[in-house]
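Spelled out from the first residue to the last, the chains are:
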There are 2 protein chains.
Amino acid sequence: MTEYRLTPLAKSLPATVPFVGPETQERAMGRPFEARLGANENVFGPSPHAIKAMAEAGHWMYGDPESHELRTALAAHHGTTVDHIIVGEGIDGLLGYVVRLFVGQGDAVVTSDGAYPTFNYHVAGYGGTLHKVPYREDHEDPAALFAKAGEVDAKLVYLANPDNPMGSWHRGEDIAAAMDALPVQSLLVLDEAYVETAPEGTALPLAWGDPRVIRMRTFSKAYGMAGARVGYAIAAPELITAFHKVRNHFGMNRSAQAGALAALADQAWLTEVKDRVAQARTRIAQIAQENGLLPLPSATNFVTLDCGHDGAFAKAVLDGLVARGIFVRMPFVAPQNRCIRISCGTDDDLNALAAALPDAIAAAKKG
Amino acid sequence: MTEYRLTPLAKSLPATVPFVGPETQERAMGRPFEARLGANENVFGPSPHAIKAMAEAGHWMYGDPESHELRTALAAHHGTTVDHIIVGEGIDGLLGYVVRLFVGQGDAVVTSDGAYPTFNYHVAGYGGTLHKVPYREDHEDPAALFAKAGEVDAKLVYLANPDNPMGSWHRGEDIAAAMDALPVQSLLVLDEAYVETAPEGTALPLAWGDPRVIRMRTFSKAYGMAGARVGYAIAAPELITAFHKVRNHFGMNRSAQAGALAALADQAWLTEVKDRVAQARTRIAQIAQENGLLPLPSATNFVTLDCGHDGAFAKAVLDGLVARGIFVRMPFVAPQNRCIRISCGTDDDLNALAAALPDAIAAAKKG
């Protein structure tokens, strides 16, 4: 073989990565970060019951390919039936499956300019054509997304509520109302990864079986199990069944299944974590204000800070923080790239942020 | 939306599953199996160091998307460089990626009649056309596979060595010699999942960067970590790079990465497990012979038993074992379906097998 016979699509794709991991940066720097505040992980971690369940899951056995116990518990938790639920390798994995099911070469997909790079990566990976609409006052713009979907005959429309990277949110009923204008031939992929830390009323209030939407949830954020890779989607049974055509049936880690089941059962821990997240958001906002940065309102486990100037300035602040051992990230497109994004951390993490931020800003101002 | 707008390919696929999990059978039976001997899991489990590493991995953090530490250790272990290695969600996940990279609608792929259903599932899932050659005396037939590849212009040829489900094997040098007839335009996907329990000389003795082949290895078998979902592939860097175009970059469970790293470092444990596997194979063979069944030679962590009659009889024996609480599986096609397949187990597991087998055979003979 002189040249690998990849498909024309595979040949055309770049070897890319939606996000550079902090470990990659640490290897390049030659030292670990002092505070890991860039990936919207949940430093408060999973329920102790989940940790115990993961340790005792029996690593020698394959996981149940149906994730039946977990799906049953999720169905009970959400007041629906097990055939409405699919479990997968994080929302990232589930987004890959839904794109694969719907998107072929040249098919239109709509998202916002600046939204989740991993979704865009999957769309490109299956040959889809992305159409983007801008944010509106640092919020996702459902009306514009749905109008664009009609214009380009989109098969999928991706919307995150609450939003990453801006931390902003819409009331669920407002999205439901906007869906009146969603074209009948477009499926809404609603990423609710951060919904547990959002105000009451943020979740979409429609029936779980509404055929116009598939909702994505995760154990990576409020449940504190990003390392476990457990996401789930809720939709009409007909759509859930389609996942069984393409998914990696034995892809789920057995201890992760057990951990998610235990985490779901410990809602008291979730409540405590939500309190800690709220406190950390307040502290991040204070630190920002003490340094002349504007914290944007957040329904998530991170706070986006408006650095008050252009993208180059925000990038300089971010680089200054990274150089001082604080792992943070920023939005990718203007005008949101005037901001940096700080995940909630422990008191120690945020003390480290408070110590590093003045110097990072001063250095950025010097240029 | 009245009907989901799946791609034509997705619409054409059945909602299928390569293997029914034992948990599904247990739910249907209403009771757990007494012995779990059907999925070629390794009941002796992972190194205690791996178990400890998994418990302490920090579940709140995403795994390193590059699996850099693990790939570095694997490269050192195999005497190659890190750019020859990709880590993925089990061999199942990696097979999905390699099929996606190479196989489009109507592309030809060659495998043997009876080989790994999950590979076939992926080929169907990307629209490929499978061409199968029969086994030869209960062995994979590399010469026939490679000849068929030339005949149909196959992009991929799948071959497992040692083989599942028959437990047979070829010497690595014999496969290397047969590869002289592998068409230059065909990539050999060599599944070496069971190579650690095979005789010296079973692994393919070619350079890791040989562009004609990609080799698949796993922590699910001899390393005892099936639940963790850690597989890896070794190939020329140019091919490894292609995986970065399509893989789920954040798909790896963090504790699984840490566990695999610790498992690899504990080669003493692996040696002990290999001894226990060899002892269990001997015991399974004895139990088979005491019951008039013929144990086939095995290089794996299971033993395939020739039941001496047709597929219907073997199926009846299998059903009898399952009904008596022993989880076992059988090959899917004639004439290999005259056999059942017994994974290595603990003494208790094999005592349960010994107790159940005479009744299962007697019931099968009654019809």
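Residues numbered from 1 in each chain as written. Chains lettered and ligands numbered in written order. Predicted model: local features only at pLDDT ≥ 70, side-chain atom pairs only at ≥ 80, totals over all residues. Heavy atoms only, no water.

1. Some words on the sheet that holds strand 4 (residues 129-133) of chain B
All names here are of chain B. To keep it simple, the criterion reads: When DSSP finds two or more bridges between two strands, those strands count as paired. Numbering of helices and strands starts at the N terminus; helices are DSSP runs of H or I of at least 4 residues and strands are runs of E of at least 2. Here an angle of 0 to 180 degrees is reported between the N-to-C directions of two axes, which are lines fitted to C-alpha atoms, with helices fitted over the stretch in contact. By definition in these notes, contact holds between two residues if any of their heavy atoms fall within 4.5 Å.
An order of 2-8-7-6-5-3-4 is seen for the 7 strands of this open sheet, with the pairing classed as mixed. Across the chains shown, the open sheet's two edge strands, defined by having one partner strand only, are strand 2 (85-88) and strand 4. Taken over all neighbouring pairs, the strand axes of this sheet differ in orientation by 20° on average, direction set aside. Two strands pair when backbone bridges link them, and strand 2 and strand 8 (residues 231-234) are joined in this way by 4 bridges, in the antiparallel orientation. By the bridge assignment for strand 8, Ile85 is matched with Ile234. Packed onto the sheet, helix 4 (residues 68-78) meets strand 2, strand 7 (213-218) and strand 8 and runs at close to 130° relative to strand 2.

2. Topic: the relation of the copies chain A and chain B
Related by rotation about an axis and a shift along that axis, the two copies of the chain form a pair. Test applied: The fit set for superposing copies consists of C-alpha atoms from residues with pLDDT of at least 70 in both; the fit itself is least squares.
For the pair chain A and chain B, the relating rotation is 180°, the translation along its axis is 0.0 Å, and the fit reaches an RMSD of 0.0 Å. The superposition of one copy onto the other is thereby described by a two-fold rotation axis. Distance from the rotation axis, computed per C-alpha, reaches its smallest value in chain A at Ala55 of chain A: 2.7 Å. Interface overlap between copies: 100% of the residues of chain A at the interface are likewise at the interface in chain B, consistent with a symmetric, same-surface contact.

3. Topic: the interface of chain A and chain B
The criterion, for reference: A 1.4 Å probe defines the accessible area here, and the buried area is the portion of it lost by two parts on being joined, summed over both. Take a side-chain nitrogen of Lys or Arg and a carboxyl oxygen of Asp or Glu: if they are within 4 Å of each other, that pair is a salt bridge.
Contacts between the two partners involve 82 residues from chain A, matched on the other side by 82 residues from chain B. Between chain A and chain B, a total of about 7100 Å² is buried, with carbon and sulfur atoms accounting for 56% of that surface. Contact with chain B buries surface across chain A, with Tyr4, Arg5 and Trp60 of chain A losing the most and accounting together for 13% of the total. Run the count over chain A and chain B and you get 8 salt bridges. Of all the secondary-structure elements, those providing two or more residues to the side of chain A that touches chain B are helix 1 (8-12), helix 2 (22-29), helix 3 (48-55), helix 5 (90-102), helix 6 (117-125), helix 9 (237-243) and helix 10 (254-265) of chain A. With 5 residues, helix 5 of chain A is the single largest residue contributor to the side of chain A that touches chain B.

4. Considerations on the nonpolar core
How we decide: Here, nonpolar core means buried Ala, Val, Leu, Ile, Met, Phe, Trp, Tyr and Cys residues that are tied together by side-chain atoms lying within 4.5 Å of each other. Accessibility here uses a 1.4 Å probe with only protein chains present; expressed as a share of the type maximum, an area under 20% marks a residue as buried, one over 50% as exposed, and anything in between as partly exposed.
Phe102, Leu321 and Ile340 of chain A together with Phe102, Leu321 and Ile340 of chain B are the most contacted members of the largest nonpolar core, which totals 172 residues. Every residue in contact with Phe102 of chain A, bar those within four places of it in the chain, is listed here: Asp107, Lys155, Leu156, Leu187 and Leu239 of chain A together with Tyr4, Arg5, Leu6 and Thr7 of chain B. Ranked by size, the runner-up nonpolar core spans 24 residues in total, among them Ile85, Phe219, Met225 and Ala228 of chain A.

5. Re the side chain of Thr218 of chain B
Residues and elements named next belong to chain B. The line we're drawing: By the criterion applied in these results, polar contacts are pairs of N or O atoms within 3.5 Å in which, for protein atoms, one can donate a hydrogen and the other can accept it, and in which residues neighboring in sequence qualify only through two side-chain atoms.
Mapped onto the elements of the fold, Thr218 is located in strand 7. Looking at Thr218, its side chain comes within polar contact range of the main-chain nitrogen of Ser220, at 2.9 Å. Here Val230 takes part through its backbone oxygen, which lies 3.5 Å from a polar atom of the side chain of Thr218. Each residue touching Thr218, except ones within four places of it in the same chain, is listed here: Ile91, Ala193, Glu196, Tyr223, Val230, Gly231 and Tyr232.

6. Digging into the UniProt feature "domain: Aminotransferase class I/classII large" (unreviewed entry) in chain A
Quick reminder of the rule: UniProt positions are given in the numbering used here, feature names are shortened, and annotations may be inferred rather than shown by experiment.
In the numbering used here, UniProt assigns the feature "domain: Aminotransferase class I/classII large" (unreviewed entry) to residues 37-357 of chain A. The span residues 37-357 of chain A is 39% helical and 15% strand by assignment, and the distance between its end C-alpha atoms comes to 13 Å.

7. Remarks on helix 10 of chain A
Test applied: A helix is expected to span 1.5 Å multiplied by its residue count minus one.
For helix 10 of chain A, built from 12 residues, the straight-helix expectation of 16 Å at 1.5 Å per residue is met to within 8% by its first-to-last C-alpha distance of 17 Å. With 9 of its 12 residues buried, helix 10 of chain A lies for the most part within the structure. Residues of helix 10 of chain A that are buried: Arg254, Ser255, Ala256, Gln257, Gly259, Ala260, Ala262, Ala263 and Leu264 of chain A. Looking at the packing, one finds that the buried side of helix 10 of chain A touches helix 3, helix 4 (68-78) and helix 11 (267-290) of chain A together with helix 2 (22-29) and strand 1 (35-36) of chain B.

8. Digging into the sheet that holds strand 10 (residues 302-306) of chain B
All names here are of chain B. Read from one edge of the open sheet, 3 strands run 9-10-12, paired in antiparallel fashion. Because the sheet does not close on itself, it has two edges, and the strands there are strand 9 (294-295) and strand 12 (339-343). Here strand 9 runs beside strand 10; their pairing, made up of 2 bridges, is antiparallel. Residue pairing for strand 10: Pro295 is matched across the bridge by Leu305. Here helix 11 (residues 267-290) sits on the sheet and contacts strand 9, strand 10 and strand 12; the angle it forms with strand 10, its principal contact strand, is near 15°.

9. Focus: the environment of His49 of chain B
All names here are of chain B. Locating His49 in the fold gives a position in helix 3 (residues 48-55). In this structure, the C-alpha to C-alpha distance between His49 and Arg27, residues 22 residues apart in sequence, is 33 Å. Setting aside residues no more than four positions away along its own chain, His49 makes contact with Ala262 and Asp266.

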